[in-house]
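Take a look at the letters that make up each chain.
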Amino acid sequence: MSGDKPWIKGDLRIPRSVLEQLEAHALECYPKEACGFVMGPAETPDLLDEARREENEADKYHKLDPETFPRTSEMYFKINELRAQRAFNAGEENGRPLKVIYHSHCDAGAYFSAEDAATFAQGNQLMWPCAYIVVSIQQGKVAEHRLHVHVPGTNDFVESPLTVV
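Residues numbered from 1 in each chain as written. Predicted model: local features only at pLDDT ≥ 70, side-chain atom pairs only at ≥ 80, totals over all residues. Heavy atoms only, no water.

### Observations regarding the overall build of the chain
Each helix and strand counted, the chain has four helices and ten strands in total. In sequence order, the chain lays out its α and β elements as β-α-β-β-α-α-β-α-β-β-β-β-β-β. Against the compact-globule benchmark of 15 Å for 165 residues, the chain has a radius of gyration of 15 Å, which places it among compact chains. For the C-alpha atoms alone, the extent of the chain along its principal axes is close to 40 × 35 × 25 Å. Counting only residues that meet the buried cut, the chain has 45% of its 165 residues in that class. Restricting the contact set of the chain to residue pairs at least 6 apart, pairs at least 24 apart contribute 68%. Surface exposure of the chain reaches about 8,200 Å², of which carbon and sulfur atoms provide 49%. Of the charged side chains in the chain, 17 are positive and 26 negative, and the gap between their average positions amounts to 3 Å. (Helix = DSSP H or I, 4+ residues; strand = E, 2+ residues; numbered from the N terminus. Rg over C-alpha atoms; globule rule 2.2 N^0.38 Å. Buried < 20%, exposed > 50% of the residue type's maximum accessible area, 1.4 Å probe, protein only. Contact = heavy atoms within 4.5 Å. Areas by Shrake-Rupley, 256 points an atom, 1.4 Å probe, with all protein chains shown as cover. Lys, Arg positive; Asp, Glu negative; His and termini not counted. Charge placed at Lys NZ, Arg CZ, Asp CG, Glu CD.)

### A look at the pattern of salt bridges
Oppositely charged side chains can pair when the atoms bearing their charge come close. Overall, the coordinates contain 15 salt bridges when judged by the stated rule. For the salt bridge of Glu-57 with Lys-60, the shortest nitrogen-to-oxygen distance reads 3.4 Å. By relative accessible area, which is 40% here, Lys-60 ends up partly exposed. With a shortest N-O distance of 3.6 Å, Glu-81 and Lys-78 are connected by a salt bridge. Since its relative accessible area comes to 13%, Lys-78 is described here as buried. Salt bridges sharing common partners tie together Arg-52, Glu-54, Glu-57, Lys-60 and Arg-83. (Salt bridge = Lys/Arg side-chain N within 4 Å of Asp/Glu carboxyl O.)

Here's what the structure looks like:
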């Protein structure tokens, strides 16, 4: 999968203005988790140059079925899978692939949690062909951001370089 989608290996570049959009979204949503997509040109695989906010549907699912979905948006994020699949498909068609899913952690570090890993890797396979950015908001302020990528053949994720340009 990584041959035609090299961004899933990480080592990506993001303009400061785009990173600031992710951080602003995370701050606006705090103390709830923000989430969204980051796209970039297919011909420049390591460049992320456009962010799109998505709704965190965790509260909606929790309200409908709190037993199956015990977490709220204050400790979890849930992206609409149909909208995500449409975004991946549209990106492939228009030469601007969805390269990253981002979300925030509230009053926690920018690590890739066990819950994140369980959501995005199952049966040693990556669920979506992308990398992941986590933005940490601590006490209402941006603390850090980190890029995470899947380790092929496992359900694990590791940190990868994210260069702000």
